[in-house]
Amino acid sequence: MAEQNILLRMEGICKTFPGVKALDNAQLTVRKGTVHALMGENGAGKSTLMKCLFGIYSKDAGHIYLDGKEINFKNSREALDNGVAMVHQELNQALKRNVMDNIWLGRYPKMGSGKLPVVSEKKMYDATMKVFDELGVKVNPKTVMSTMPVSQRQMVEIAKAVSFNSKIIVLDEPTSSLTETEVEHLFEIINMLRDRGCGIIYISHKMEEILRISDDVTIMRDGQYIATRAAKDLTMDEIIRLMVGRELTNRFPPKDNVVSNENIMEVQGITAMYSHLKDVSFSLKKGEILGVAGLDSSGRTELLENIFGYATRKSGKLFKNGKPIGNKTSRESIQNGFALLTEERRATGIFGILNIQENTVISSLKKYLNYGFVLSNKKMAEKTKWSIDAMHIKTPSQKTKIRSLSGGNQQKVILGRWLLTQPDILLLDEPTRGIDVGAKYEIYQLILDLAKQGKSVIMVSSEMPELLGVCNRILVMSGGRLAGEVNADTATQEEIMTLAAKYA
Amino acid sequence: MQNFKALSNKDKGRYIANWMLDHAMIIIIILMAIYVQSQKPAFFKIPSLVNILSLTAVRLPMALGVAGCIILAGTDLSGGRVAGLTAFISAILLQKAGASGKFLPNLTPPNLLLVILAVMAIGAIVGLVNGFCMGKFKLHPFIVTLATQMITYGVYLTVSGSKQISSLDTSYTTSFVTKSLFKIGPTSVPMYVLLAIILTAIVWFIWNKTTFGKNMFAVGSNEEAARVSGVNVLLTIVGVFMMAGALYGYTGFVEAARLGGSTATLGLNYESDAIAAVVIGGVSFVGGTGKISGVILGVFMMQLIMSGMTFLGISGNVTYIIKGAVILVACILDMRKYMVKK
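Residues numbered from 1 in each chain as written. Chains lettered and ligands numbered in written order. Predicted model: local features only at pLDDT ≥ 70, side-chain atom pairs only at ≥ 80, totals over all residues. Heavy atoms only, no water.

### Re the overall build of chain B
Now for step 1: Secondary structure assignment for chain B yields 14 helices and two strands.
Now for step 2: Relative to its length of 342 residues, chain B is compact, with a C-alpha radius of gyration of 21 Å against a globular reference of 20 Å.
Now for step 3: Principal-axis analysis of the C-alpha atoms places the extent of chain B at approximately 75 × 55 × 35 Å.
Now for step 4: Within the span of chain B, comprising 342 residues, buried residues form 50% of the whole.
Now for step 5: Relative to all contacts within chain B whose residues are 6 or more apart in sequence, the contacts with residues 24 or more apart total 74%.
Now for step 6: Of the roughly 15,500 Å² of accessible surface on chain B, 69% is carried by carbon and sulfur atoms.
Now for step 7: Across chain B, the 25 positively charged side chains and the 10 negatively charged ones have centroids separated by 6 Å. (Helix = DSSP H or I, 4+ residues; strand = E, 2+ residues; numbered from the N terminus. Rg over C-alpha atoms; globule rule 2.2 N^0.38 Å. Buried < 20%, exposed > 50% of the residue type's maximum accessible area, 1.4 Å probe, protein only. Contact = heavy atoms within 4.5 Å. Areas by Shrake-Rupley, 256 points an atom, 1.4 Å probe, with all protein chains shown as cover. Lys, Arg positive; Asp, Glu negative; His and termini not counted. Charge placed at Lys NZ, Arg CZ, Asp CG, Glu CD.)

### Things to note about the overall build of chain A
Now for step 1: When helices and strands are tallied, chain A shows 17 helices and 22 strands.
Now for step 2: Against the globule reference of 23 Å for 504 residues, chain A gives a C-alpha radius of gyration of 25 Å, in line with a compact fold.
Now for step 3: Viewed in the frame of its principal axes, chain A has a C-alpha envelope of about 75 × 50 × 45 Å.
Now for step 4: Of all 504 residues assigned to chain A, the portion counted as buried reaches 53%.
Now for step 5: Here the analysis covers contacts within chain A between residues at least 6 apart in sequence; of these, 66% occur between residues at least 24 apart.
Now for step 6: Element-wise, carbon and sulfur atoms account for 50% of the exposed surface of chain A, whose accessible area totals about 22,300 Å².
Now for step 7: Both charge centroids of chain A, one from 67 positive and one from 58 negative side chains, sit 6 Å from each other.

### Comments concerning empty space enclosed by the protein
Now for step 1: Enumeration according to the criterion identifies two cavities of 30 Å³ or more in this entry.
Now for step 2: Looking at the largest cavity, its volume works out to about 200 Å³.
Now for step 3: Every residue lining the largest cavity is counted, 15 residues in all, and those nearest its centre are Leu80, Met86, His88 and Glu157 of chain A together with Val228 of chain B.
Now for step 4: Contributing elements (two or more residues each) for the lining of the largest cavity: helix H2 (76-81), strand E6 (84-87) and helix H5 (150-163) of chain A together with helix H10 (223-228) of chain B.
Now for step 5: The dominant element in the lining of the largest cavity, judged by the number of residues it contributes, is H5 of chain A, at three residues.
Now for step 6: When the residues that make up the lining of the largest cavity are grouped by side-chain class, the tally is nine nonpolar, four polar and two charged.
Now for step 7: Residue lining of the second largest cavity: Arg81, Gly84, Leu85, Tyr153, Tyr156, Ala264 and Leu266 of chain B, and that is the complete set.
Now for step 8: For the lining of the second largest cavity, the secondary structure elements donating two or more residues are helix H4 (79-93) and helix H6 (141-160) of chain B.
Now for step 9: Residues of the lining of the second largest cavity, tallied by class, amount to five nonpolar, one polar and one charged. (1 Å grid on protein atoms, 1.4 Å probe; cavity = no way out; pocket = protein on both sides within 12 Å on 5 of 7 lines; lining within 4 Å. Points joined across faces, edges and corners; volume = space filled by probe spheres on them. Nonpolar A, V, L, I, M, F, W, Y, C, P; charged D, E, K, R; others polar.)

### Focus: the sheet that holds strand E12 (residues 280-285) of chain A
Residues and elements named next belong to chain A.
Now for step 1: What the four strands build is an open sheet, ordered E12-E11-E14-E15; its pairing is antiparallel. Either end of the sheet is taken by a strand with one partner, and the two such strands are E12 and strand E15 (323-325). Each neighbouring strand pair of the sheet contributes to a mean axis angle of 20°, computed without reference to strand direction.
Now for step 2: Summarising the sheet, strand E14 (residues 313-320) and E15 pair through three bridges and their orientation is antiparallel. Looking at E15, one finds that Phe319 is bridged to Pro324.
Now for step 3: With respect to the sheet, helix H9 (residues 300-308) is in contact with strand E11 (263-272), E12 and E14, its orientation differing from that of E11 by roughly 110°. (Pairing = 2+ DSSP bridges. Axes fitted to C-alpha atoms, helices over the stretch in contact; angles between N-to-C directions.)

### So, the pattern of salt bridges
Now for step 1: For the structure shown, the criterion picks out 29 salt bridges over all chains.
Now for step 2: Arg31 of chain A is the salt-bridge partner of Asp216 of chain A, the closest N and O atoms lying 3.0 Å from each other. Of this pair, Asp216 of chain A sits in strand E9 (residues 216-221) while Arg31 of chain A sits in strand E2 (residues 20-31), and the two are 185 residues apart along the sequence.
Now for step 3: Each of the salt bridges in this network shares a partner with another, and the network as a whole consists of Arg97, Asp101 and Glu121 of chain A together with Lys214 of chain B. (Salt bridge = Lys/Arg side-chain N within 4 Å of Asp/Glu carboxyl O.)

### Section: the layout of surface pockets
All names here are of chain A.
Now for step 1: Estimates place the volume of the second largest pocket at around 670 Å³.
Now for step 2: Broken down by secondary-structure element, the contributors of at least two residues to the lining of the second largest pocket are helix H10 (330-335), strand E16 (338-341), helix H11 (345-349) and helix H14 (407-419).
Now for step 3: Top contributing element to the lining of the second largest pocket by residue count: H10, with four residues.
Now for step 4: Mapped onto the domain boundaries, the lining of the second largest pocket takes at least three residues apiece from domain 2 (250-337 + 423-504) and domain 3 (345-422). (Domains from an automatic or database assignment.)

### Some remarks on the domain arrangement of chain A
All names here are of chain A.
Now for step 1: Looking at the assigned domains, one finds that chain A contains domain 1 (3-244), domain 2 (250-337 + 423-504) and domain 3 (345-422).
Now for step 2: Relative placement of domain 1 and domain 2: their C-alpha centres are 34 Å apart.
Now for step 3: Listed as interface residues are 10 residues of domain 1 and, on the opposing side, 12 residues of domain 2.
Now for step 4: Each partner contributes to the roughly 790 Å² buried at the junction of domain 1 and domain 2, and carbon and sulfur atoms together form 54% of this total.
Now for step 5: Our enumeration of links across domain 1 and domain 2 arrives at zero salt bridges.
Now for step 6: In terms of residue class, the side of domain 1 that touches domain 2 is built from three nonpolar, four polar and three charged. (Buried area = accessible area lost by both parts, 1.4 Å probe.)

### Regarding the packing of aromatic side chains
Now for step 1: Per the stated rule, a full pass over the model turns up 10 aromatic pairs over all chains.
Now for step 2: Between Tyr153 of chain B and Tyr156 of chain B, the aromatic rings sit 6.3 Å apart at their centres with planes inclined by 20°, giving stacked as the arrangement. Taken together, the residues Tyr153 of chain B and Tyr156 of chain B, both in helix H6 and three residues apart, mark about one turn of the helix.
Now for step 3: For Tyr153 of chain B, a relative accessible area of 25% puts it in the partly exposed group.
Now for step 4: A relative accessible area of 3% places Tyr156 of chain B in the buried class.
Now for step 5: Among the aromatic residues, those joined into a ring-pair cluster are Phe88, Phe103, Tyr153 and Tyr156 of chain B.
Now for step 6: When the ring centre of Phe164 of chain A is taken as origin, the NZ or CZ atom of Arg107 of chain A, which lies over that ring, is 3.5 Å away.
Now for step 7: For Arg481 of chain A, the ring lying beneath its charged end belongs to Tyr503 of chain A, and the centroid distance is 3.7 Å. (Phe/Tyr/Trp six-rings, centres within 6.5 Å; stacked < 30°, edge-to-face > 60°. Lys NZ or Arg CZ within 6 Å of the ring centre and 35° of its normal.)

### Structural notes on the nonpolar core
Now for step 1: The biggest cluster of nonpolar side chains holds 150 residues, and the ones touching the most others in it are Met39 and Ile190 of chain A together with Tyr172, Trp207, Phe253 and Val295 of chain B.
Now for step 2: Element by element, the count of residues in this core is highest for helix H11 (residues 233-259) of chain B, at 14 residues.
Now for step 3: Among the nonpolar cores identified, the runner-up in size contains 69 residues, and Leu277, Ile307, Leu415 and Val460 of chain A belong to it. (Core = buried A, V, L, I, M, F, W, Y, C linked by side-chain atoms within 4.5 Å.)

### Structural notes on the confidence of the model for chain B
In low-pLDDT segments, the atomic positions of the prediction should not be examined closely.
Now for step 1: Scored by pLDDT, chain B has a mean of 90; 98% of the residues are at 70 or more.
Now for step 2: With a pTM of 0.79, the predicted complex shows an ipTM of 0.79. (pLDDT = per-residue confidence, 0-100.)

### A word on the interface of chain B and chain A
Now for step 1: Chain B puts 27 residues into the contact, and the matching count from chain A is 27 residues.
Now for step 2: Of the roughly 2,300 Å² buried between chain B and chain A on both sides combined, carbon and sulfur atoms contribute 56%.
Now for step 3: Linking chain B to chain A there are 12 residue pairs in polar contact (both at pLDDT 80 or more).
Now for step 4: Mapped onto the side of chain B that touches chain A, the elements with two or more residues apiece are helix H1 (9-22), helix H8 (191-209), helix H9 (211-221) and H10 of chain B.
Now for step 5: The greatest single-element share of the side of chain B that touches chain A, amounting to six residues, is contributed by H9 of chain B.
Now for step 6: Looking at the side of chain B that touches chain A, its residues break down into nine nonpolar, 11 polar and seven charged. (Polar contact = N/O pair within 3.5 Å; in protein donor to acceptor, adjacent residues only side chain to side chain.)

In structure tokens form, the structure reads like this:
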């Protein structure tokens, strides 16, 4: 690589948090006019490295050079002013304000000569339209953000980055909520920016995308730099090998559960009151693992929440073992033998400041009463021990705070919590989100074991290989409706994608 | 709603019910006003209407100040006591020369404009403390302004020795603040209505046309997004609370003149009336939303209730119950709009 072509060079970056070495001599070199994929498992240090670039964290050691000059940004605004922008996965926007107010936030164009702090709406509108025309974004700058779909809000965020004349644009998981057409549009924009000489840092877990769009790939593991290769020389297996650090021959345990012929549950035409979920019908067999695929906001989560009574149904019927059931509230559903593992583990799953025992017994407290009203510490400790052993939870003790465990272990605690309510039907929403590849395997194994015990599982996931590798059958949701059903043993990812785009 | 006709009857019913609930506060108040009118026909006559409008003008500046704090997703409880303090200061500075028991016996009343600026500055200082504690130390607005409310009241009691101040200079009262601008029929419209209109116009301009105003809405809507975009969040918060403080200071100035003096109860609960009015006017505690027109409407509606109760001869004690209920209902109706329904 010729020195003059290098736009950004980060070298020897170290960052230590209390007890953890988050970055250990990490490096990244981005060439002008290229898309550079940054890959690694969760916790590999990708986002910490980016936060060091933007000055959100101060690095302990190392140097960052932009266009050959050493830089050390103190905050993201300084980075933006110097042409380094980031589009975050969780879009950080003022939702009650309109599009242009968001784009020009912190640097509103002013009236006249700009000496008075009076905002010129006209200048702001014109400047916004200029950027939108360039990028082919069709959004009215006066639309209030909260009324737009996530995909459009993301386009606005990219437009904002472009409006700063950024040389480096970091895209963090940009396609997770986009339809196929929207992804194509995004790739067009990325190609255009690349042709202009921008350096794009592309963070994603979707390997097909990475191999398609990127020029270079840098792989990180455990906070360390592993390798930088040209994307055309890499294969998916090679990337996984570099990311995991070992040959990962079996990503999934053998699918040896036996699906019975009996239906355990029948869903007839459920339509949600407050979301776009519409007229979904299907049946679930005893011992079956039923996958639910679809894009973000295709109604996957809403489907589980409506079955569980966490969301309000407008119409539709549920039957368990042939008998009609209500499932109008979560409490009723738990009594009917249902369990729901929620998507946002931190927000709606764990009680962070409580310990593992408290987190384990919370859904089945009535079972640990003595004399009908005194909680028995002994009974609770016994059941928690059972859960820790059965789920293979790695923890120093039952009294350890759950937030100090890794994501995978937290998820196992919650699974254990639900098993103590003795459910027949487990609804799992993204059970492996934010969990390392190794720990994922253990979760898959647990799910299969449950199915082998005759329990039925409905599992929502954004990762298609995971659905194909673990499930018996897959429902595909699109635009709030059931777009189709495929056999997980014979279906391909393309088939699922086509169905997922049906009503999107 | 694009196709009201295309909806099923059940959905139509739901749509109408939702519309009614979204506008429930205003519907309730209008119904109350119609009831008062049917009982006491003088309610909607010119003298009564001008009176309601004048009182709206008195309460509007404080409501505008509080509204800014609520747009920041905060609140401000210090308003009433700041007005009490500045009413006292205005009153002692502008007491008639030679009045018996004059608080500052040797002082000849200074220039009015100077006094207005001074009391607004005093209010702004309280706002500075409020905003700084919130922005810098991340304290909850409730706690900070509760503390400054107490401190302000304590300062007032200490300095005044709980003395009532009266006999104000007429250049301050009847020749300025309560001077008749013009008459509608037999009823005169006082100067402070014009002052309120001017202040409202200024606040409207600041909210809608300046970078500071836009930053205020952005910080209220998503503080983190504003920070990442390089907005000086601390300065914005401090600015909003200082502006509010200045408006409370102005309220004290007008109230002392209007009521002819200052007492220990002047300003009591003004802030809760203002908060209630602002919430009725659609400024949400969720933050980031609110309009000047809404605030004006809210203060007017609140005044309509108050005057209506006076007309019906309802005792002041019961008034509190009704005011409290209004605040509660207004907040419930407001949260209803932002509740994420599952």
